[in-house]
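Read off the chains here:
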Amino acid sequence: MSIFEYNGSALVSMVGKNCFAIASDRRLGVQLQTIATDFQRISKIHDRVFLGLSGLATDAQTLYQRLVFRHKLYQVREERDMKPVTFANLVSALLYEKRFGPYFCQPVIAGLGDEDKPFICTMDSIGAKELAKDFVVAGTASESLYGACESMFKEDMEPEELFETVSQALLSSVDRDCLSGWGGHVYVVTPTEVKERILKGRMD
Amino acid sequence: MPKEQANWSPYDNNGGSCFAVAGADYCVIAADTRMSTGYNILTRDTQKSVNYKCVMASSGFQADVKALQKHLAARHLIYQHQHNKQMSCPAMAQLLSNTLYYKRFFPYYSFNVLGGLDNEGKGCVFTYDAVGSYEKVGYSSQGSGSTLIMPFLDNQLKSPSPLLLPARDAVTPLAEAEAIDLVKTVFASASERDIYTGDKLEIVVINADGIRREYMDLRKD
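Residues numbered from 1 in each chain as written. Chains lettered and ligands numbered in written order. Predicted model: local features only at pLDDT ≥ 70, side-chain atom pairs only at ≥ 80, totals over all residues. Heavy atoms only, no water.

The name an unreviewed UniProt entry gives chain B is Proteasome subunit beta type-1, with Gossypium darwinii as the organism. The Function (unreviewed entry) comment attached to chain B in UniProt states, word for word, "Non-catalytic component of the proteasome, a multicatalytic proteinase complex which is characterized by its ability to cleave peptides with Arg, Phe, Tyr, Leu, and Glu adjacent to the leaving group at neutral or slightly basic pH. The proteasome has an ATP-dependent proteolytic activity." Looking at chain B in UniProt, the text filed under Subcellular location (unreviewed entry) is "Nucleus". (UniProt positions renumbered as here; feature names shortened; annotations may be inferred.)

In the annotation of an unreviewed UniProt entry, the entry for chain A reads Proteasome subunit beta, and the organism field reads Gossypium barbadense.

Next comes the structure, spelled out in structure tokens:
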């Protein structure tokens, strides 16, 4: 089994009209045994930037701690929050530092940039950024997520419709992947509020 | 002394996806027409489906697919000579399974879906693995695009669990035109993200009127 498939994960982020959604599954496993069914894969860096980390959970946790540290330092020095593009560059740089002994993670970064324009990107485990205008996926269920999102995505969805689309795409995709599932965690972020919702799905 | 490993494989993967869905009185089978090897395209215009009374679509190693199709054609002809009728879909399904398992220890690298109408005129789809394990289902996809297609189909066609009692029907309540639209949508999405799927889509529809073929263009990149 590949090291990226050790814990199992599913992450997806989609762009809507002046909003974005980022969603993950909730399973934490050790190969085929499920250890936790409430694992948080998505973290808030600040009100307008969210980070999801798929892949090896220990590396995800370490990377998250390092990034929070760097962001707090940035806040102290610049007296403001990091823009999503800047944060993505930071993640990319941190990952490439470990080019010959990488973190086994695939991050998904989502945020609202200047003029409330939604920004999403993903990168591989050594920091190669992939910007997208519609959606990005990561994790063991990524192939299923590609198919589901490609079929279900529409441009300029309002937050409520975006939530429905992301949820359906996530749940149908993790149902075809044994290593991810046990419900879902969806964040829908608009310039005025952040809505966090837990999805009920197949618990297997 | 460590065992020497062969650096030649008798198999190759020519890519592609195929898909079938069963309805109340029809069956739709579809496959793309791209044949590739590695990162190259061998042809944009191959045929992955073959019909008898039912239609079999296969993806995987096309040489094994052709050999399998030849074998089944011969067996079908013999059946017609011996029984004075064409093989029904469930009969062909069993024959395909047995043929595949016969080569259990040097398999046909062929991932098949078989679609047709059963004896009552209802649509039926059978899905196979490379060594002949098969199951009657309401819809199925095989090939490189199947991991992309299946979750979306699960979402749209919501097959009942095979564990329920009494056994529920897996055929979709969708109308034939809607099912064809679904097939087109699904392959368009798969072509976007799967490099081995694209070029053209061949759709075969079986209903009480017979078998008809239609084609749709897909992305050529």
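Read on for the rest.
With that settled, consider the sheet that holds strand 8 (residues 118-123) of chain A. Residue and element names in this part refer to chain A. Ordered in space as 5-6-7-8-9, the 5 strands form an open sheet in which the pairing is antiparallel. Single-partner strands in this sheet number two, and they are strand 5 (42-46) and strand 9 (129-132). On average, each strand axis in the sheet is inclined to that of its neighbour by 20 degrees, with strand direction left out of account. Relative to strand 7 (residues 105-112), strand 6 (residues 49-55) runs antiparallel, the two being bridged by 7 bridges. When the sheet's bridge partners are listed, Gly 55 is paired in strand 7 with Cys 105. (Pairing = 2+ DSSP bridges. Helix = DSSP H or I, 4+ residues; strand = E, 2+ residues; numbered from the N terminus. Axes fitted to C-alpha atoms, helices over the stretch in contact; angles between N-to-C directions.)

A separate point is a nonpolar patch on the surface. Residues and elements named next belong to chain A. A surface patch of nonpolar side chains, about 390 Å² in accessible area, is lined by Ile 3, Phe 4, Tyr 6, Val 30 and Ile 35. Along the chain, Val 30 falls in strand 3 (residues 28-30). Looking at Val 30, the relative accessible area reads 34%, which means it is partly exposed. (Patch = residues over 30% accessible without salt bridge, like charges linked within 9 Å, V, L, I, M, F, W, Y side chains within 5 Å. Areas by Shrake-Rupley, 256 points an atom, 1.4 Å probe, with all protein chains shown as cover. Salt bridge = Lys/Arg side-chain N within 4 Å of Asp/Glu carboxyl O. Buried < 20%, exposed > 50% of the residue type's maximum accessible area, 1.4 Å probe, protein only.)

Another aspect to go through is the pattern of salt bridges. As enumerated under the stated definition, the model contains 24 salt bridges over all chains in all. Across the pair Lys 44 of chain A and Asp 47 of chain A runs a salt bridge, and its minimum N-O distance is 3.0 Å. The exposure class of Lys 44 of chain A is partly exposed, given its relative accessible area of 45%. Note that Asp 199 of chain B is salt-bridged to Arg 44 of chain B, the shortest N-O span being 2.5 Å.

Attention shifts here to the packing of helix 3 (residues 146-157) of chain B against helix 4 (residues 176-193) of chain B. Packed helices, taken two at a time, are described by the angle between their axes plus the distance between the axes. All names here are of chain B. Between helix 3 and helix 4, the least distance of the axes is 10 Å, while the angle of their chain directions is 150 degrees. Judged by the inter-axis angle, helix 3 sits roughly antiparallel to helix 4. For the pair helix 3 and helix 4, the crossing hand works out as right-handed. Across from Leu 148, Ile 149, Phe 152, Leu 153, Gln 156 and Leu 157 in helix 3, the residues of helix 4 making contact are Leu 182, Val 186, Ala 190 and Arg 193. (Parallel < 35°, antiparallel > 145°, perpendicular 65-115°, else oblique. Left-handed = near helix turned anticlockwise from the far one by under 90°. Contact = heavy atoms within 4.5 Å.)

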